[in-house]
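Structural description and commentary
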Amino acid sequence: MSVRALQCEHRTKPINIDSVHPRLSWELASDYRGEGQSAYQILVASSQDKLNKNNGDCWDSGKVISASPLDHAYGGRALRTDQTYFYKVRVWDAKGHRSRWSDPEAWQMSLLSPGDWKAKWIGSPTTSQTLPIFRKRFVITKPVRAERLHICGLGQYEARLDGMELGKEVLQPGWTLYSKTCLYVTYNFTAPLRIGEHALAVNLGNGMYNLPETPGRYVKFHGSFGEPKLIAQLDIEYEDGSRDCVVSDETWKVSNGPITFSSVYGGEDFDARIVQRGWDRAAFDDQSWSHAKVVRGPGGELAAASRSALPIDVMRTFSPVAVTHPKAGVDVYDMGQNCAMVPVIVVRGQTGSIVLIRPGELLDANGLVTQRSTGGPTYFSYTLRGDKEERWKPQFTYMGSRYFQVEKIAAKNGGMPQVLAVRGEFISSSSPEVGEFSCSNELFNRTDQLIRWAMRSNMMSILTDCPHRERLGWLEQDYLNGPGLMDNFSLPTLFEKIAGDMRDSQLADGLVPDIAPEYTVFSDGFRDSPEWGSASIQVPWQAYESYGDEKILRDSYAMMRRYVAYLGTQAKDHILSYGLGDWFDLGPRELGESQLTPKGLTATAIYYHDVQTLAHIAKILGDSAEAKKMDGLVREIRAAFNHQFYHANTHEYATGSQTANAMPYVFRMEPPADASALLNNIVADVRQRGNALTAGDVGYRYVLEALATGDRSDVIFDMNNQTTRPGYGYQLAHGATSLTEAWDAHAFSQDHFMLGHIMQWFYGELAGIRQMPGSVGFEHIQIRPNPVGNVTWARATYHSVRGMISSSWRKSSGKFSLEIQIPPGADATVYIPAASENSVEENGIHVRRSAGVHWLRSKRGVQVFSVDSGHYQFTSVLPPELWRE
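Residues numbered from 1 in each chain as written. Predicted model: local features only at pLDDT ≥ 70, side-chain atom pairs only at ≥ 80, totals over all residues. Heavy atoms only, no water.

Another point: the pairing of strand β44 (residues 827-833). Summarising burial for β44: 6 of the 7 residues are buried, a large majority. Alignment of strand β40 (residues 780-783) against β44, held across 4 bridges, turns out to be parallel. Residue pairing for β44: His780 is matched across the bridge by Asp827. In terms of strand pairing, β44 meets strand β48 (residues 862-867) through 6 bridges, oriented antiparallel. (Buried < 20%, exposed > 50% of the residue type's maximum accessible area, 1.4 Å probe, protein only. Helix = DSSP H or I, 4+ residues; strand = E, 2+ residues; numbered from the N terminus. Pairing = 2+ DSSP bridges.)

A few words now on the side chain of Asp82. As for its position among the elements, Asp82 is in the loop between β6 (72-73) and β7 (84-93). The class of Asp82 is buried, set by a relative accessible area of 16%. Within the structure, the side chain of Asp82 is placed 2.7 Å from the side chain of Arg148, a separation counted as a polar contact. Residue contacts for Asp82: discarding those within four places in its chain leaves Gln108, Met109, Ser110, Leu111, Arg148, His150 and Asp235. (Polar contact = N/O pair within 3.5 Å; in protein donor to acceptor, adjacent residues only side chain to side chain. Contact = heavy atoms within 4.5 Å.)

The next thing to look at is the sheet that holds β6. An order of β1-β2-β6 is seen for the 3 strands of this open sheet, with the pairing classed as antiparallel. Each end of this open sheet is capped by a strand with a single partner; those strands are β1 (2-8) and β6. As defined by bridge partners, β1 adjoins strand β2 (residues 23-29) across 5 bridges and the pair is classed as antiparallel. Within β2, the position partnered with Gln7 by the bridge is Ser25.

Packed helix pairs are specified by the crossing angle of their axes together with the interaxial distance, meaning the distance between the axes. Where helix α8 (residues 550-570) contacts helix α9 (residues 599-620), the two axes come as close as 10 Å, and the packing angle between them is 140°. The orientation of α8 relative to α9 falls into the category oblique. The crossing of α8 and α9 is left-handed. Of α9, the residues touching α8 (which contributes Glu550, Leu553, Tyr557, Met560, Arg561, Tyr563, Val564, Leu567 and Gly568) are Tyr607, Asp610, Val611, Leu614, Ile617, Ala618 and Ile620. Taken together, the residues that form the contact of α8 with α9 break down as 12 nonpolar, 1 polar and 3 charged. (Axes fitted to C-alpha atoms, helices over the stretch in contact; angles between N-to-C directions. Parallel < 35°, antiparallel > 145°, perpendicular 65-115°, else oblique. Left-handed = near helix turned anticlockwise from the far one by under 90°. Nonpolar A, V, L, I, M, F, W, Y, C, P; charged D, E, K, R; others polar.)

For the structure on display, the rule yields 43 aromatic pairs. Summarising the aromatic geometry, the rings of Phe270 and Trp392 are spaced 6.1 Å apart at their centres and angled 45° between planes, so their arrangement reads as tilted. On the criterion of sequence distance, the pair formed by Phe270 in strand β22 (residues 267-271) and Trp392 in strand β33 (residues 390-392) is long-range, its members being 122 residues apart. Assigned by exposure class, Phe270 and Trp392 land together as buried. The interplanar angle of 25° and the centroid separation of 5.2 Å between the aromatic rings of Trp583 and Phe584 together place this pair among those described as stacked. Residues Trp583 and Phe584 agree in their burial class; the two are buried. Grouping aromatic residues by their ring pairs yields a cluster made of Phe437, Phe444, Phe717, Trp761, Phe762 and Tyr763. (Phe/Tyr/Trp six-rings, centres within 6.5 Å; stacked < 30°, edge-to-face > 60°.)

Nothing here speaks to function; it is geometry throughout.
In structure tokens form, the structure reads like this:
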């Protein structure tokens, strides 16, 4: 057995850790079955040389008895600002055999206290719509060993050293509630600074920090935390051991830059004629520039970006798949995919000529871009300098779009610009992809990709609702789609960031608003809907379950308790009767607030689930008094809920809608003897509508979960294996390339992930990978493939925090085969469709003779086994009812 994939604070080689007890994790690898960890040892050293000599001068944990490879807090001597720490791990298996040391890894500390900041916040002395650019010339007089830059530029920034852009990330720093938290980013330089003159340069964007009214340009809301500003500190260590610091202060110079307009919503304008060439280099003459003004900070605590989601990167570049010319001087470029996009143009033309780009998701009847689904007018404009070729892209904003309408405007002398190339850069969080799904049903494969595009397009430093019209962190989708999101992407840092945003946004009375960060205050249910605010409990809980992250529970515990207490003050006899309800359900009226299900049912059911979850969390954190209190409240809410909504004579809740029956079924609120009848009512409603869904944003997650847990995935298959009724197939049939906001794909946003709940069914039911109830960090896994409908094969992989999990099954000619992988340190319960136990083989031998496999029971044509970690290949004879292909 070996140790690999070492991480610090869920990151590989992080350079900006500001936790004084960073958590260290690793994975185990082995070619043998049944391997697991019984103990570990961590060495942390101040140098690579000391680590190589097994000298843990910072921390030697010694041999620690523990089966977990997750989140072991550093316990050595006090950590120092800007210091690099080197570490390695070895483990013991269950028989006491010791592994070799892992390959070494490292992390770097950032600024550990406010006193480590010597820099000041600076801004421009004048107010202008044109964005400011800043520079500082400095001199290095002796050899340098290392240097690091810490910077926060608000709303967004780009930093340069000697004309070279620092980092490839975009839209830095992450969006936060700036009055509470401001994130700073740290850069290591690839080579020490040479002796001589240098220049540090920064240009600023507005981002979500500064959103003034913009007449003639779209804006979802307007408000400002202040004018653009920055704080920067370049720490320099010389070879002789001495140190120096270049800090932002009044000695910096500032000027108006070439970005003459910038808005997250309205677009960006760039005038290349006023670019000051060489402004970011030491030799530039800045005598005409003004001195920067020392300003007050935004009020928020400066926190290392390691507390945020992983940075946003350009993930892919699109070239047009088609170009049309709907009218003179106007070209429309189709990128073939709707996503969070930044246009890139290469142009040539006369000085003062303009290229204007209108992004959009849809075209109108005349073939022109329409922004009815995205908010408009939004556009980007570039005024040419008049060079041979000029390349440009907007710097501080992006747009959910598939099409770019390019309009050419002549210069005063009549010269028309020439567009040489148009590209689209897809941007998203760099959170790694950890899951992959496919099956024999091509409609399901296309649905999987439809949802993944919407997830990726809305995965920034927050989970946005859409990449255009709002770009706000509407919270309900984060946990309702949480399992599906985490099946596909590694999100421990993003979920920690979202939890922090909710803590920052929580009000004094305990309310967690529907959006976080709360950049604007909405009214009624759009600020206070229990199904939205409940993310404050469910997001940390899901992160804990998937990643074993107990810290997120501890950090969020006070917020959770205050929010549950707030809901209690809003309830009457334990019933909550307000909010948005099952948003966008399919009823007779225009889409919006719940139509088919009473708001009180969804709100109270979620309230019940919150209290139930908080009881679990209190037990984990050792708060027995709170756990006892919540357990009592659970019983009271359940009794009140059933009294208010349950019809015992018909075995249905409230209106009997799909959502109304599914939520209490999933939360086990119904009288136990009536569970089957309640499930049958859900099935009957779907069937009598011709296998059509009616549930919306909140309810569909629970409709799928109810049918799956009730062994009625056949109904889920029939609901979603069609293209003629509103749903995923309907969207695809109408040309969607990303999941749309509404089931019928019309009018609303064409890039929303809120209805993507079926992703959990693809992984957990069709391919069959899920976590056992009560397990944490996928220590105990369930492999339960479901050969439903006309699906003849399915496979999925999921790289969990313990390692790779895979399930691949196929049925053919009455035979069933299943190949699985379980990582070391985990075990699994495996369900195999089989006529009998005697028909099951593993790797060519009878299953009872297979090492690591233990028969548990037989249930309705399924044989159930427990297996140790390792790789397995099962085959069986299918029961007759599953022969159909």
